[in-house]
Amino acid sequence: MRLKSGQSPKSPSTRYMLSLHVVTKAVLLTGFTQGFNLANNTSKTMFGFFEENPVRMNRFKDAMSFLQTFPGLKNSYVLEGFDWASLGNGLVVDVGGSHGLVSMDIARGFPSLRFVVQDLPQVIEDAKMKVPAELADRVTFMAHDMFTEQPVKDADVYYFRWILHDWSDKYCVKILKSLIPALKPGARIMFSERCLEPPCTLPLRQEKWNR
């Protein structure tokens, strides 16, 4: 990018145009289209990249566990927000459930329920070693790509906690369509997600965090 005569390289508008030029050039050269791809020099999705980088995967996992301590995000809301007892001895599939912390909490509160926690292979191998012995017969783990057909058929609930906000609409549709062959009459698909407030109704810092 060439500066015009008299154009200062330090002005805010020039710095913005230079940054935009650098990003545009990087996209053209690499084919990467997401900020994560550019920052990490990878063409893989974020989770595909984590799968090959265990240190980053563990850091992400720990961050998600920490978020569950925030007001309004605690697992207790999941236990109290649905009549789990109405499922009897039903089966719950926790899609993208990481180490199964939510499923374990529900299992402790409702001892008749059974759970299958699904996530990336590396996450699942780690999770299997950490499940408490008293829950091991009711909380099991399965490696599964949620963009492919759901292998657990006829479950009572397919549960997604903090999953769909990571994906654009076309990928969310693909995730949900992959469930169709597994659904029995009366099966439920349940989501725990943050509902966004209308734009420009919160302080700027909170607005940036939410979006």
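Placed above this text is the structure.
Below or above, wherever it landed, is the structure these notes cover. None of the values given here were measured: they were computed from a predicted structure.

1. Considerations on the overall build of the protein
At step 1: Counting its regular elements, the protein contains nine helices and five strands.
At step 2: Listing every helix and strand of the protein by position from the N terminus yields α-α-α-α-α-β-α-β-α-β-β-α-β-α.
At step 3: Relative to its full complement of 211 residues, the protein shows a buried share of 34%.
At step 4: Relative to all contacts within the protein whose residues are 6 or more apart in sequence, the contacts with residues 24 or more apart total 59%.
At step 5: Accessible surface for the protein amounts to roughly 13,300 Å². Of this, 59% is attributable to carbon and sulfur atoms.

2. Focus on the pairing of strand E5 (residues 188-192)
At step 1: Judged from the five bridges that link them, strand E4 (residues 157-161) and E5 form a sheet pairing that is parallel. Pairing of Val157 across the sheet is with Arg188, part of E5.
At step 2: Handedness of the crossover is the feature at issue here: the chain leaves E4, passes through helix H8 (residues 169-177), returns alongside E5, and the resulting connection is right-handed.

3. Side note on the sheet that holds strand E3 (residues 139-143)
At step 1: Pairing within the open sheet is parallel, and its five strands lie in the order E3-E2-E1-E4-E5. Looking along the sheet, the strands with just one partner apiece sit at the ends: E3 and E5. Between one strand axis and the next, the sheet turns through 20 degrees on average, direction left out of account.
At step 2: Bridge count between strand E1 (residues 91-95) and strand E2 (residues 114-119): five bridges; the pairing is parallel. Bridged to Val95 within E2 is Gln118.
At step 3: Packed onto the sheet, helix H7 (residues 121-128) meets E2 and E3 and runs at close to 155 degrees relative to E3.

4. Section: helix H6 (residues 101-109)
At step 1: Along H6, the residues that are buried comprise Val102, Ser103, Met104, Ile106 and Ala107.
At step 2: Packing partners of the buried residues in H6 comprise helix H5 (75-80), E1, E2, E3 and E4.

5. What about the pairing of E4?
At step 1: Burial within E4 is extensive, with five of its five residues counted as buried.
At step 2: In terms of strand pairing, E1 meets E4 through four bridges, oriented parallel. Pairing of Val92 across the sheet is with Val157, part of E4.

6. Section: unusual backbone geometry
At step 1: Even without a glycine there, the phi angle at Trp162 is positive, about 55 degrees.
At step 2: Among the structural elements, Trp162 can be located in the loop between E4 and H8.
At step 3: Here Trp162 falls in the buried class, since its relative accessible area comes to 15%.
At step 4: A positive phi is found at Cys200, a non-glycine position, where the angle reads about 65 degrees.
At step 5: Considering the arrangement of structural elements, one finds Cys200 in the loop between E5 and helix H9 (204-210).
At step 6: For Cys200, a relative accessible area of 72% puts it in the exposed group.

Thresholds, definitions, all that
Residues numbered from 1 in each chain as written. Predicted model: local features only at pLDDT ≥ 70, side-chain atom pairs only at ≥ 80, totals over all residues. Heavy atoms only, no water. Helix = DSSP H or I, 4+ residues; strand = E, 2+ residues; numbered from the N terminus. Buried < 20%, exposed > 50% of the residue type's maximum accessible area, 1.4 Å probe, protein only. Contact = heavy atoms within 4.5 Å. Areas by Shrake-Rupley, 256 points an atom, 1.4 Å probe, with all protein chains shown as cover. Pairing = 2+ DSSP bridges. Right-handed = clockwise from strand over helix to strand, strands pointing away. Axes fitted to C-alpha atoms, helices over the stretch in contact; angles between N-to-C directions.

On their own, these measurements won't tell you what the molecule is for.
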